[in-house]
Amino acid sequence: MPDLDVETLRQDFPILSRTVRDGRPLVYLDSGATSQKPTQVLDAERDFYEQHNAAVHRGAHQLAEEATDAFEGARVTVADFVGARPDEVIFTKSATEAINLVAYAFSNASAGGDLGIPETPATDRFRIGPGDQIVVTQMEHHANLVPWQELARRTGASLRWLDVTDGGELDLGNLDEVVTERTKVLAFAHVSNVVGTINPVRELADKARSVGAITVLDACQSVPHLPVDFDELGVDFMAFSAHKMLGPYGVGVLVGRAELLAAMPPFLGGGSMIETVLMDHSTYAAPPQRFEAGIPNQSQAVGLAAACDYLSQVGMDAVAAHDREITQAVLDGLAARPWIRVLGPLDAEKRTGSVAFVVDGVHPHDVGQVLDDSGVAVRTGHHCAWPLHRALRVPASTRASFGPYTTADEVQAFLDALDRVPSIFGVAV
Amino acid sequence: MPDLDVETLRQDFPILSRTVRDGRPLVYLDSGATSQKPTQVLDAERDFYEQHNAAVHRGAHQLAEEATDAFEGARVTVADFVGARPDEVIFTKSATEAINLVAYAFSNASAGGDLGIPETPATDRFRIGPGDQIVVTQMEHHANLVPWQELARRTGASLRWLDVTDGGELDLGNLDEVVTERTKVLAFAHVSNVVGTINPVRELADKARSVGAITVLDACQSVPHLPVDFDELGVDFMAFSAHKMLGPYGVGVLVGRAELLAAMPPFLGGGSMIETVLMDHSTYAAPPQRFEAGIPNQSQAVGLAAACDYLSQVGMDAVAAHDREITQAVLDGLAARPWIRVLGPLDAEKRTGSVAFVVDGVHPHDVGQVLDDSGVAVRTGHHCAWPLHRALRVPASTRASFGPYTTADEVQAFLDALDRVPSIFGVAV
Amino acid sequence: MDLYQELILDHSKRPQHAGLREPYDAQTHHVNTTCGDEVTLRVHLAGDGPDARVEDVSYDAVGCSISIASASVLAEEVIGHTVAESLHTFDAIRSMLTSKGEDPGDEEIIGDAVAFAGVSKYPARVKCALLPWTAYTDALARAGVDIADASATKSGV
Amino acid sequence: MDLYQELILDHSKRPQHAGLREPYDAQTHHVNTTCGDEVTLRVHLAGDGPDARVEDVSYDAVGCSISIASASVLAEEVIGHTVAESLHTFDAIRSMLTSKGEDPGDEEIIGDAVAFAGVSKYPARVKCALLPWTAYTDALARAGVDIADASATKSGV
Ligand SMILES: Cc1ncc(COP(=O)(O)O)c(C=O)c1O
Ligand SMILES: Cc1ncc(COP(=O)(O)O)c(C=O)c1O
């Protein structure tokens, strides 16, 4: 396995050389919120605009052909990157939209009338109502919780969840009571965006399959950090966002098993997702077009494909190994500071991407401010995972999160900056 | 009013100097599908990525502050550009999503349970069911038709529509029969994306208001070509897409009257749109955040703001005047060719942005192919407005559409290329 | 323009075997959403399996010159042949159409369809040319033909 | 760090007038969703209109040092004053906080709140400092005060 050459790689990220707060070098430890983007990704988008820009799928002219090739080529690249088939890849605006798309497939299939698609037996798996159950976990990002709460509200189904242990792992002790024959969907994160825990996807997917429930994996924090293979994971749907994996804003991906996508009614209605349109009703195209209404985020899809290429070239094994080293260094550094309490697993093998912690007696927002004053960018608050914080009995936390460009020196700068906290706030060390 | 200096302006669009099909200069007449983007817009996006990139609204560090300022600044610029207030501007991924957002507000308000927002009397205006009516027109782009068909299916409300005359204008003869006390929503285009007709917005908005119906204006083809003022138009909602107005892909706008937005339940659930999240339910933030779940399309919003600035600098009056000149030249050129039949109003004052036509005996796809072979990029087909083509009794059409960079020479090149059609397909001239 | 060969223009202006006829075993309706081409197509077979004979293909095609000419050539090339032979012809045409100009097509196998070689350089038009063929294979399937099996048979010849 | 003035740290460690007390006329609960700060705040007034006296402000604040110190300073600056005076103080504090470092604040008017001048350079923290104040004005409104009218009265003095 080739090692990741961080210093060379960093040259692709001009923003990492800038300074903040009166000339301090930027130490960017907020990649869990959004990653920085390499020049190659920005160039790919720009080249699309400057050389091939036209609406895809619609024009009968050369630019339109070139644009369509670039867009559909991006779909193939992204599919390859995560072990899926191109027709299983749907470009959305974000992971958030991807998850909502699946949630709305359930309520849309459950409303009356003609769905405008050839229904299959699988269509019934999306029909949900009172008595049915939707299962999530306490560890979810709001993006994989709120859509399911709203689906429950819209349909009268009820919401249940798996708990989180004090150690920040999923509590599977009562899995058999929570996931039952009444469960229609099981939605969970591959990797927690707060505590970094890597969840046992196979075990959960197998359990869901055994009761006939559809699985929806939030892969936002795994795809940027680990080699991910949709087929191997054994889930039905998987969502992730480009901007967390060196790609642009405005594009996310829903990967779905072909036979389920085919059975699902559309989400957004509009151009390019139709088969025939009459005034009083329409019929809809096959996936993936059925779920890509309107002129798509074509330049962004091209940018995402460039990000996949970039990561493939670095090698996802190398990315994962590098992430483990950084995580280990952070965990070691924090362990040496007894006034800091790390949330989640203390074993670096069980986690990836980010480390969240609290300083008892100092609010995370204040910790983050001191770090910011030293040029270290972290995130503070509940990180869109409020229930997880409640489960761990902390109001909020400070999170340092990493990318392939994170260096050991940056970890040291982060730890040094942290050491300013006790004296400012009078914490005993 | 300053004139538009097309030749100088074109230097901002490098793609316009490229060649297609064996070295022929590109004549881009497909701006109705998507416009080209000036360097200023591409630079604004790139500068955001290279200098200020971070997740907005979330971090307590300098980059996050800069990114938030840029994103919220973009909202102010866009609001100013269309005569709305910043808190009335919601960034979506496209006009398509913007319209669907409003359609889902109706069905989501109509489902049972606690909406998670402070309901107001206006919330009831979004409750819809059997016996209620949704009104559209035969002129609509699929993006302003399919979402309403689907809303009707989901709720049991019925869909009605205003017809189109043979001349390609809205038939308001039976307006009073179609829009009645049972009408909950009236959705219509400001400007047709096929025949270019400018519709009488005020008259329709007044009628809707008189029966208590909510108006949804599809402004995709007006905002790029005409000065548009939300307040003056008197509609409740207005949708448009950045990529048709010199801006990037992946961002659209929904403008909505503040008191209606406040009364609407959310559409996509996820981060940043919440107030409090518990496991079993959540409450939601005030607009516009309520409708912007997840990390937004921040760089794209910045790019759209740059497009608004660009258009403002050129001057929308100058853009409109230039568009009228080009439209007139195209109409004159086509009128001189009796084997061509123009769809829609023959009076340039009644239209903007595009001219669609048919050559009797030659399929539009074949016409477009001949143009493409001459380097002229147009669109052929039903242009996502199938019912309009049925109403006009043509299966499809060829459409030339314009931007501020379109020149009189390009119009001539287009007409010259058209003149190849009769001989190739044996049409009598 | 090398796209519009005389043969294509002729077929599009005077489509062979056009119209919908009785008797038939299966009918399909296919649409090319990009440009609104539509074809309704019927097949009438004699016999079973790969060796069944295509007694008739009748159709109603609305669309561009490429899709109408393609329907016309299809009918010419297919009527009177076995199902397996017709699928072999289709394979050869498809490989030509999707070759981006690389495969000029073999007139021995595909007959007048060689005139469509130029189409392969225009991805948006490939769909038009393929439309009648996908309607045809779909109709065969509905008439009970095991397509995979039938094409394997002929290829194995 | 000029953000964490001694005064702020003192107020955040030993918040004045903390806790929820009876009697009160109105209570509000405000949340800063960005970092999860929460404040529950009660006001108790004597009299009506702009000249009503703020008898008590009691609160329960969970959050960062800035929001807690701000609640503490609020209680100090407001209790015993008229509603109109308190809104005048709020106006002065708000203009300082939103000045991006331009307005250092006038100690004569806003007392200990001058310590928050450094906050104005950090937009994310301005919300924290404003949270108790918006909870306060909201509570006044719920207690029946016409806010617009009351602030106009004092500004007109
Ligand atoms: C009139 C009209 N409405 C809606 C749309 C949809 O816009 P988008 O595809 O950007 O969502 C378009 C463009 O395709 C349009 O021209
Ligand atoms: C685990 C997880 N799920 C979902 C999301 C939502 O992603 P986005 O905001 O890009 O839609 C995020 C990031 O914010 C995340 O970390």
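Residues numbered from 1 in each chain as written. Chains lettered and ligands numbered in written order. Predicted model: local features only at pLDDT ≥ 70, side-chain atom pairs only at ≥ 80, totals over all residues. Heavy atoms only, no water.

Focus on the overall build of chain C
Thought 1: Along the backbone of chain C there are six helices and three strands.
Thought 2: The linear arrangement of helices and strands in chain C, starting from the amino end, is α-β-β-β-α-α-α-α-α.
Thought 3: For chain C, the C-alpha radius of gyration of 14 Å lies close to 15 Å, the compact-globule estimate for 157 residues.
Thought 4: Dimensions of chain C, computed from the C-alpha atoms along their principal axes, are close to 45 × 35 × 25 Å.
Thought 5: Evaluated residue by residue, chain C yields a buried proportion of 51% over its 157 residues.
Thought 6: Considering only contacts within chain C whose residues lie at least 6 apart along the sequence, 63% involve residues at least 24 apart.
Thought 7: Accessible surface, chain C: about 6500 Å² in total, of which carbon and sulfur atoms supply 46%.
Thought 8: One way to put it: in chain C the 12 positive side-chain charges average out to a point 6 Å from where the 25 negative ones average out. (Helix = DSSP H or I, 4+ residues; strand = E, 2+ residues; numbered from the N terminus. Rg over C-alpha atoms; globule rule 2.2 N^0.38 Å. Buried < 20%, exposed > 50% of the residue type's maximum accessible area, 1.4 Å probe, protein only. Contact = heavy atoms within 4.5 Å. Areas by Shrake-Rupley, 256 points an atom, 1.4 Å probe, with all protein chains shown as cover. Lys, Arg positive; Asp, Glu negative; His and termini not counted. Charge placed at Lys NZ, Arg CZ, Asp CG, Glu CD.)

Comments concerning the site of ligand 1
Thought 1: Lining the immediate environment of ligand 1, one finds 15 residues, of which T96, D218, S241, H243 and K244 of chain B sit closest.
Thought 2: Chain contributions to the surroundings of ligand 1 come from chains A and B.
Thought 3: Within the backbone of I295 of chain A, a nitrogen or oxygen atom sits 2.8 Å from an oxygen atom of ligand 1.
Thought 4: Within the side chain of H243 of chain B, an N or O atom sits 2.7 Å from an oxygen atom of ligand 1.
Thought 5: Protein contact buries 99% of the 390 Å² of open area that ligand 1 shows by itself. (Near = heavy atom within 4 Å. Polar contact = N/O pair within 3.5 Å; in protein donor to acceptor, adjacent residues only side chain to side chain.)

Some words on the relation of the copies chain A and chain B
One copy of the chain maps onto the second through a rotation around an axis plus a translation along that axis.
Thought 1: Its rotation angle being 180°, the transformation that places chain A on chain B also includes 0.0 Å of axial translation and leaves an RMSD of 0.0 Å. Expressed as an axis order, the relation between the two copies is that of a two-fold axis. Taking C-alpha positions as reference, the residue of chain A nearest the rotation axis is G250 of chain A, located at 2.8 Å.
Thought 2: Most of the interface of chain A is mirrored in chain B, where 100% of its interface residues are also at the interface. (Least-squares fit on C-alpha atoms with pLDDT ≥ 70 in both.)

Remarks on the interface of chain A and chain B
Thought 1: Contacts between the two partners involve 101 residues from chain A and, on the opposite side, 101 residues from chain B.
Thought 2: Both faces combined, the contact of chain A with chain B buries some 8100 Å², and carbon together with sulfur accounts for 56% of it.
Thought 3: It is R153, Y249 and M279 of chain A that lose the most area in chain A upon contact with chain B, and together they represent 11% of the buried surface on that side.
Thought 4: Taken together, the links from chain A to chain B amount to eight salt bridges. (Buried area = accessible area lost by both parts, 1.4 Å probe. Salt bridge = Lys/Arg side-chain N within 4 Å of Asp/Glu carboxyl O.)

Section: the sheet that holds strand β9 (residues 237-241) of chain B
Residues and elements named next belong to chain B.
Thought 1: The strand order across the open sheet formed by seven strands is β4-β10-β9-β8-β7-β5-β6, and the pairing between neighbours is mixed. Because the sheet does not close on itself, it has two edges, and the strands there are β4 (89-92) and β6 (158-162). On average, each strand axis in the sheet is inclined to that of its neighbour by 20°, with strand direction left out of account.
Thought 2: In terms of strand pairing, β4 meets strand β10 (residues 252-256) through four bridges, oriented antiparallel. Each residue of the ladder has a partner; that of V89, found in β10, is V255.
Thought 3: Set on the sheet, helix α7 (residues 201-211) makes contact with β6, β7 (183-189) and β8 (214-218); between it and β7 the angle comes to about 170°. (Pairing = 2+ DSSP bridges. Axes fitted to C-alpha atoms, helices over the stretch in contact; angles between N-to-C directions.)

A look at the nonpolar core
Across soluble globular proteins, nonpolar side chains have a tendency to be buried as a group.
Thought 1: Formed by 179 residues in total, the largest nonpolar core has its most connected members in F91 and M238 of chain A together with F91 and M238 of chain B.
Thought 2: Excluding residues that lie within four positions of it along the chain, F91 of chain A makes contacts with F71, A74, R75, V78, V251, G252, V253, E292, N297, A301 and L304 of chain A.
Thought 3: Formed by 94 residues, the second largest nonpolar core is a distinct cluster that contains V136 and A239 of chain A together with V185 and A263 of chain B. (Core = buried A, V, L, I, M, F, W, Y, C linked by side-chain atoms within 4.5 Å.)

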